[in-house]
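Letter by letter, the chains look like this.
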Amino acid sequence: MIISYLKDVMRDTGKFKYIISVGGLCVLNIIICLQPYFLSKLVNNEVNYKCLLFFLISLLIPALINFIKNDLVQATRKSSKRILFLFLESRGYEYYNDYKSSTLQSLMSEISFVCRNLVQELLPSIVKVAVTVLFYTSLISGYSLEIGILYLLVCLIYMVLSAILTQKNRNDIKKALDSTVEVNKSIDDFFKNLDTVFSYLSFKHELEFFDTRLTCEKNIYYKSQKQRHLVYLLQQVILVFLIGLILYIGLINFSSFKQQNLEFILILIYSVLNLSNFGTDFLGGVELKDRLEAALSKLQYGNNRDIIKQNHRLIYDGLDVIFDNISYCYKKLDNEVQVLKDLSCRFEYGKLTALIGDNGSGKSTVLKLIADFLIPDKGIIYQPLKTKVLYINQDSVLFNRSLLDNLGYPHTELTSDQLETLYSLAKKLEIDNIISPHTDLNVEITGEMTKSFSGGEKQKILILRALISDFNIILFDEITSGLDIKSSSTFYQLIKETVSNKVVICITHRKEELQYFDEIISLNI
């Protein structure tokens, strides 16, 4: 799962970019590894200006490495989010029944953060350690092959011990991720229920609830970080002991060569400096890997189970939408709830049809089946050729974009004829104070927190989007719930004017509205 996702990210970013970046990091780290050689030459009686120049240049290398890392990090930022968006976009409608928007946002942010850290911290660390060990092994082997081999073995032993020690810290990673998700969910709940919180004046209750989640998150992360720091300390003790052992053996062998001794000592000092962060970086890498695995698992990344279903839809040469023995069960948390069973009915072309029934009778499910959001478990849905279905419900929200973007969605421009129709309809719906030739439709709507429009205004905007569209099947799920009696009457009159070449179905609970419909289908048994 992790490998598959990272491959997708690399493919989207471009493998060539990774190859060039890693190659650049290798070259720059080799120059840094030459610093002991340059320094040993500078302590001679004669000043070696060439070595001095190269040493000073090598001091600038860490700053140059940041440019390579930044370029790769920002490319990864884009690709990591884009791949997740493409994955979520490919899921079936039922997939979203198991998730809150805050959970999806939290998981997407977590995954993108992990990917950026893998590129910014772990990848450069791996390159630095690999270059340091291999390059210094080669240099030391030039003095003594035995000590060169011993140096390589010591480095490998240190890395293996680091890998073993990190296993103790892995169990807390999933708990930490879960605690962060819970904190984000409580924040999301607070802002989505502002009306309720203000009505009950329950700020203290919400703060106590939030503090409980924060305390839990703090304690879990504290325990995880404490364990990580203890392991790091132990790794440093092991590294210093092993490098000290090599230094002792080397000085005995090179005692008669001062220049060689100095270069050897500097190499070992640089080895400690370059390898000292390996333990922390390895721990961080394991933590990032576990966090990525946990987050991708929660998203069910790579699981195509929900989109592999038998096709129950048949295109035919008629104009009506026909249900033939349709059954459907909602599946959530391994539970199945029968919503529709052997439903057969016809929604006629050119007529305004009301869909009524008790709460839970499956009215919204019927519309979502027509819209192809859901796939029936049994039966056949007959639909006309070249069908374009638009589904709008009472909970549909506006995009945080301009009015023009919302009205013409997904198009960003409207023709002059569409604009003329739009202004006329807006006046009839008494929303011309917002939408008229004198208002700028290109002004972006600010965030939902500002409550730019009332519930009724929002629903009128959604109605206008439907009326100026070219969809031949339009489904309204209680769209008049936020409208007054006059606006509802106007809405149905406008729909009646356009229904002659469409299939239009409306869910309603208002008995007084049934007078406007040509057909009424009840789901009550």
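Residues numbered from 1 in each chain as written. Predicted model: local features only at pLDDT ≥ 70, side-chain atom pairs only at ≥ 80, totals over all residues. Heavy atoms only, no water.

**Some points on the overall build of the chain**
Put simply, the test is: Secondary structure follows DSSP: runs of H or I at least 4 residues long count as helices, runs of E at least 2 residues long count as strands, and numbering of each begins at the N terminus. C-alpha atoms define the radius of gyration in this analysis, and the globule rule sets the expected value at 2.2 Å times the number of residues to the power 0.38. Note on classification: 1.4 Å probe, protein chains only; a residue is buried when its accessible area is under 20% of the maximum for its type, exposed when over 50%, partly exposed between these limits. The contact rule is simple, with two residues in contact once any of their heavy atoms fall within 4.5 Å. All accessibility values rest on the Shrake-Rupley procedure with a 1.4 Å probe; residue burial counts only the protein chains present in the view.
Within the chain, the regular secondary structure consists of 17 helices and nine strands. For the chain, the C-alpha radius of gyration of 33 Å lies well beyond 24 Å, the compact-globule estimate for 525 residues. Looking at the 525 residues of the chain, the share that counts as buried comes to 44%. The long-range share in the chain, meaning contacts at least 24 apart out of those at least 6 apart in sequence, stands at 78%. Counting only carbon and sulfur atoms, one obtains 59% of the accessible surface of the chain, whose full area is about 28,300 Å².

**Concerning the pattern of salt bridges**
The line we're drawing: We count a salt bridge whenever a side-chain nitrogen from Lys or Arg sits within 4 Å of a carboxyl oxygen from Asp or Glu.
Taken as a whole, this structure holds 17 salt bridges when the rule is applied. A salt bridge links Glu110 to Arg291; the shortest N-O distance between them is 2.6 Å. Note that Glu110 is positioned in helix 6 (residues 101-143) and Arg291 in helix 12 (residues 278-299), a separation of 181 residues in sequence. Summarising the burial analysis for this pair, Glu110 and Arg291 share the class buried. Ionic pairing is found between Lys351 and Glu519, a salt bridge with its closest N-O pair at 3.2 Å.

**Some details on helix 1 (residues 2-13)**
Our working definition: The length a helix should cover is 1.5 Å for every residue beyond the first. Of all possible arcs, the one meant is that of the directions from the helix axis to the C-beta atoms.
The end-to-end C-alpha distance of helix 1, which contains twelve residues, comes to 16 Å, matching closely the 16 Å that a straight helix rising 1.5 Å per residue would cover. Taken together, the buried positions of helix 1 are occupied by Ile2, Tyr5, Asp8, Val9 and Thr13. Taken down its axis, helix 1 places every buried residue within 130 degrees of arc, on the same side. Facing away from the buried side of helix 1 by over 90 degrees, the exposed positions are Ile3 and Arg11. Following helix 1 by one or two positions, Gly14 adopts a phi angle in the positive range, close to 115 degrees.

**Side note on the packing of aromatic side chains**
Cut-off, in case you're wondering: Ring pairs shown here join Phe, Tyr and Trp side chains whose ring centres sit within 6.5 Å, with only the six-membered ring taken for Trp; geometry is labelled stacked below 30 degrees between planes, edge-to-face above 60, and tilted in between.
Following the criterion strictly, the structure yields 15 aromatic pairs and no others. Here Phe476 and Phe491 contribute two aromatic rings whose centre-to-centre distance is 5.2 Å and whose plane-to-plane angle is 90 degrees, an arrangement assigned as edge-to-face. Of this pair, Phe476 sits in strand 7 (residues 473-477) while Phe491 sits in helix 17 (residues 485-498), and the two are 15 residues apart along the sequence. Side by side, Phe476 and Phe491 carry an identical accessibility label, which is buried.

**Re the nonpolar core**
Definition in use: By nonpolar core we mean a set of buried residues, namely Ala, Val, Leu, Ile, Met, Phe, Trp, Tyr and Cys, connected to one another through side-chain atoms within 4.5 Å.
Judged by nonpolar contacts, the single largest core of 37 residues is most densely connected at Leu352, Leu422, Ile435, Leu464, Phe476 and Phe491. Those elements that provide at least two residues to this core are strand 4 (352-356), strand 6 (389-393), helix 14 (403-408), helix 15 (416-428), helix 16 (455-467), strand 7, helix 17 and strand 8 (503-507). Setting aside residues up to four positions removed in sequence, Leu352 forms contacts with Tyr492, Ile495, Lys496, Val499, Val504, Cys506, Tyr516, Phe517, Asp518 and Glu519. Core analysis: the second largest hydrophobic core is formed by 32 residues, Leu28, Cys33, Tyr151 and Ile243 among them.

**Examining the packing of helix 5 (residues 61-90) against helix 6**
Which entries qualify depends on this criterion: Fitted lines through C-alpha atoms give the axes, limited to the stretch in contact for helices. The angle between two N-to-C directions lies from 0 to 180 degrees. When an angle is under 35 degrees it counts as roughly parallel; over 145 it counts as roughly antiparallel; between 65 and 115 it counts as roughly perpendicular; any other value is oblique. When the near helix sits turned anticlockwise from the far one by under a right angle, the crossing is termed left-handed; a clockwise turn instead gives a right-handed crossing.
Viewed as axis vectors pointing N to C, helix 5 and helix 6 meet at an angle of 150 degrees, and their least axial separation amounts to 9 Å. In terms of orientation, helix 5 lies roughly antiparallel with respect to helix 6. Crossing of helix 5 against helix 6: the hand is right-handed. Here Lys69, Leu72, Val73, Thr76, Arg77, Ser80, Lys81, Leu84, Phe85 and Leu88 of helix 5 come into contact with helix 6, specifically with Leu104, Met108, Ile111, Ser112, Cys115, Arg116, Val119, Gln120, Leu123 and Pro124.

**What about the sheet that holds strand 9 (residues 519-522)?**
As a reminder, the rule being used: The pairing criterion is simple: DSSP has to find at least two bridges between the two strands.
Pairing is parallel across the open sheet formed by five strands, whose spatial order is 6-7-8-4-9. The open sheet terminates on both sides in strands that have one partner only, identified here as strand 6 and strand 9. The average angle at which neighbouring strand axes cross in this sheet is 15 degrees, direction not considered. Of the pairings in the sheet, the one linking strand 4 to strand 8 comprises four bridges and is parallel in character. In the sheet register, Thr353 faces strand 8, and the bridge partner there is Ile505. Packed onto the sheet, helix 16 meets strand 6 and strand 7 and runs at close to 170 degrees relative to strand 6. In the packing of helix 17 onto the sheet, the strands contacted are strand 4, strand 7 and strand 8, and the crossing angle to strand 4 comes to about 130 degrees.

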